[in-house]
Amino acid sequence: MRGTDVSYGDFAYGEAGQARTRLSIYADRPNLRAGVREDAVAAGLEVTATGSLEDLAFEDVRPLGDIVLVDCPQVDARGTAVLARLDQTARRSGTRLIVSTSVEALDCVFSCMDQSDPILLVDPDRAERVLALGRVMATFGQTRLRELSEDDRLMLLRLTEQVGQIAGQIQRLGPGSGAGAAGSGPVFDFGQRVETKPGTTAKADTPPEMPPPALVRRILRQRQQRGRFFEGDLFADPAWDMLLDLTASQGEGKRVSVTSLCIASGVPPTTALRWIGQMVEAGLFVRVCDDSDRRRAFIALSQSTQDAMARYFAQLEPSGAMPL
């Protein structure tokens, strides 16, 4: 017995006898482990295990618990194998993972953790880790995380809502669906109309060709120029910037890593990862594994998103309008 808490087997109970969410912490930095433990206890979590990354390699015998937080700023071959095994175990057990890493190791971590839908953080501060814990606790119906501010909750709601709107608009612009329905309030005005030259014909359900990559890159450069004169957050639009970057890369025959896409988004990497995760879940982006190197994975446009981008640029072409 510890204070007013009692542990029975794999479950921990608080004062009211309610089961508490269990957290394991694995990090090589002792000060980080101590800070996460302090925040977790304040949030009402039961910390059932702490240790280094080396300890995590031998934790396949014990149950993982409800949440596992891992800090791995650098990843070698052994670390990659440990993370991949953790990812598979978490998927089977329903454990939620929070994994923090560095920009340099992001691609490696991203590629080996594709089963359990982990929350990935890039060079996070203490507040970002607290926010990640709050997001996971919300999925367990927990509401005791005092550090999760109203602004943070509104930000998460806004992200989910905006991605849902984009996905809905692209779905409505599928072949034969029509565009611009009254009251639809599209985020991007992707047109479905196909312009044809005299003497040619085109089926209404056949998307035009993708825009020239040079044109899309010019648009991206123009958007980035605004940051020289105004605060960057004023025009932050990571979803559109990532859509443009992937559109240009496809025309150039280039594959886009998650790190590269985070840079193209124009927002901090951890924020960009949340957008990428939402866009993949909504079917706007797809994750592509590298068959020749399992340590790498790429992000690409889904087929429906490719069609929507092509229609959008085709609609603007006759008027000479330049999307921004």
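Residues numbered from 1 in each chain as written. Predicted model: local features only at pLDDT ≥ 70, side-chain atom pairs only at ≥ 80, totals over all residues. Heavy atoms only, no water.

As annotated in an unreviewed UniProt entry, the protein chain is MarR family transcriptional regulator from Novosphingobium mangrovi.

Caption draft 1: Region of interest: the sheet that holds strand E5 (residues 46-51). One open sheet holds the five strands; their spatial order is E5-E4-E6-E7-E8, and the pairing between them is parallel. Only two strands of the sheet have a single partner each, and these edge strands are E5 and strand E8 (119-122). The mean angle between the axes of side-by-side strands here comes to 15°, regardless of whether they run parallel or antiparallel. Bridging between strand E7 (residues 96-101) and E8 involves four bridges; their strand directions are parallel. Across the sheet, the residue bridging to Thr101 is Val122, located in E8. The sheet contacts of helix H1 (residues 30-42) involve strand E4 (22-26), E5 and strand E6 (67-71), and relative to E5 the element is tilted by about 175°. (Pairing = 2+ DSSP bridges. Helix = DSSP H or I, 4+ residues; strand = E, 2+ residues; numbered from the N terminus. Axes fitted to C-alpha atoms, helices over the stretch in contact; angles between N-to-C directions. Contact = heavy atoms within 4.5 Å.)

Caption draft 2: Molecular detail of the sheet that holds strand E11 (residues 297-301). Read from one edge to the other, the open sheet built from three strands follows the order E9-E11-E10, with strand pairing classed as antiparallel. Strands with a single pairing partner mark the edges of an open sheet, and in this sheet they are strand E9 (256-257) and strand E10 (285-289). When E10 meets E11, the two strands line up antiparallel, connected through five bridges. Paired with Val288 across the strands is Phe298, a residue of E11.

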